[in-house]
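A closer look at the structure
This is what each chain is made of:
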Amino acid sequence: MMGEGLPSIVLNPIQIRVKQEVANKVKTGEYDFESVFCAVCNADNPECIAERDRYGLYFSVCICKQCGFVYTNPRMTQSAYSAFYDNEYRPLYVGSEVAGEAFFREQQKQGKRIYEFLDSANQISTRPMRVLEVGCGAGGILDFFRSKGHEVMGIDLGSEYVNYGSKHHSLDLRVSTLADFYCKDAIDLIVYSHVMEHILDLYAEIKAIRCLCSSQTKLYIEVPGIKNIHKNYSMDAMTYYQNAHAYHFTLHSIRALLKPHGFAMIAGNEYVKSVFSIGDDSFSQRDEYQSVLYYFRWNERFRWLFPLSIAGVKRTLKRIKDRLMGN
Ligand SMILES: [Zn+2]
């Protein structure tokens, strides 16, 4: 059951080799697993909905029958994940062993998208903001904010990427967790871009974020939304699942996780892109079990129509453009 299967995406030779290394470590127990309760409602009432990720690795995804939150269970332990991030994460996910300019440029583009989302929600201040990114990688997102006149700093656990951004782009990046991070000045904007789904102890992380926030601080959280598979993942959940993801969010579940810590949502969508600040959130949590399962079944049923959808046509045009440009 814990052996590997076929991938759902095309892998390059580096990815094929690294995937096999991970699969072997899972098989021999070098990467061990633990069972966990639902992070939203704390129930232990899971129903398994998938057993493989897009690389074909063992990956057990469950939906909580009590509240509908989707999470990985059992999942790798913290020590197994730490070793995985050190050894196989970047080569498996990026398809390259080293930090480079192509990765940095992709991060810059992501910085622009985040900036535009915040601007459309009127959350970009006209005066320079102090921006902290957690899980900044090489710092390309921060580089975009810096180009707009803001003061930026970033933390990440991957030293190679942090060193790349510090050395080649003179960014203020440090190897640190949020719990160990100290800054004497108030932070105006905290950015989590595709990071929250990797963090095992969400409660402790959100608590640490809360400690850094003043009444003026904005918190931007972006994660791959499980109700957005029809747009970003060709309606195919199997291309969305990745073994490093411990949680699979909807906008609703992000909001439900942040509310008990005193955060209220300012704006958000099912992509998921969302921005919060300290305050009372008036929303009430509902059970998402039926709506999530209905959404998955709908995608399964109508996946064959994806090439005809607007997202499908856009994807085909992008592929043709990439081919013509020689990408
Ligand atoms: Zn639950």
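Residues numbered from 1 in each chain as written. Predicted model: local features only at pLDDT ≥ 70, side-chain atom pairs only at ≥ 80, totals over all residues. Heavy atoms only, no water.

Scanning the model with the defined rule gives 19 aromatic pairs in all. Taken together, the aromatic side chains of Y55, Y81, F84, Y85, Y89 and Y93 make up a single cluster linked through ring pairs. Note that R90 overlies the ring of Y161, its terminal NZ or CZ placed 4.3 Å from the centroid. (Phe/Tyr/Trp six-rings, centres within 6.5 Å; stacked < 30°, edge-to-face > 60°. Lys NZ or Arg CZ within 6 Å of the ring centre and 35° of its normal.)

Turning our eyes to something else, we now look at the coordination of the zinc ion. The coordination sphere of the zinc ion, as far as protein atoms go, consists of C38 (SG), C41 (SG), C64 (SG) and C67 (SG), spread over 2.3 Å. Relative to the metal, the four donor atoms surrounding the zinc ion lie at angles of 103 to 113°, and the coordination shape comes out tetrahedral. Considered as a linear motif, the donors of the zinc ion on their single chain read C-x2-C-x22-C-x2-C. In this pair, C38 sits in the loop between β1 (33–34) and β2 (46–52) while C67 sits in the loop between β3 (58–64) and β4 (70–72), placing the two residues 29 residues apart along the sequence. The same class applies to C38 as to C67, namely buried. (Donors = N, O, S within 2.8 Å, 3.2 Å for Na, K, Ca; no water. Tetrahedral: all angles 85-135°; square planar, octahedral: opposite > 155°, others 65-115°. Helix = DSSP H or I, 4+ residues; strand = E, 2+ residues; numbered from the N terminus. Buried < 20%, exposed > 50% of the residue type's maximum accessible area, 1.4 Å probe, protein only.)

What follows is about the domain arrangement of the chain. Examined at the domain level, the chain breaks down into domain 1 (13–94) and domain 2 (101–284). If you average the C-alpha positions of domain 1 and of domain 2, the two centres end up 22 Å apart. Of the residues lining the interface, 28 residues belong to domain 1; the matching set on domain 2 comes to 23 residues. One can count zero salt bridges joining domain 1 with domain 2. The set of elements that each furnish at least two residues to the side of domain 1 that touches domain 2 consists of β2, β3, β4, β5 (75–76), α2 (78–87) and α3 (89–94). With five residues, the single largest contributor to the side of domain 1 that touches domain 2 is α3. Grouping the amino acids of the side of domain 1 that touches domain 2 by side-chain chemistry returns 20 nonpolar, three polar and five charged. (Domains from an automatic or database assignment. Contact = heavy atoms within 4.5 Å. Salt bridge = Lys/Arg side-chain N within 4 Å of Asp/Glu carboxyl O. Nonpolar A, V, L, I, M, F, W, Y, C, P; charged D, E, K, R; others polar.)

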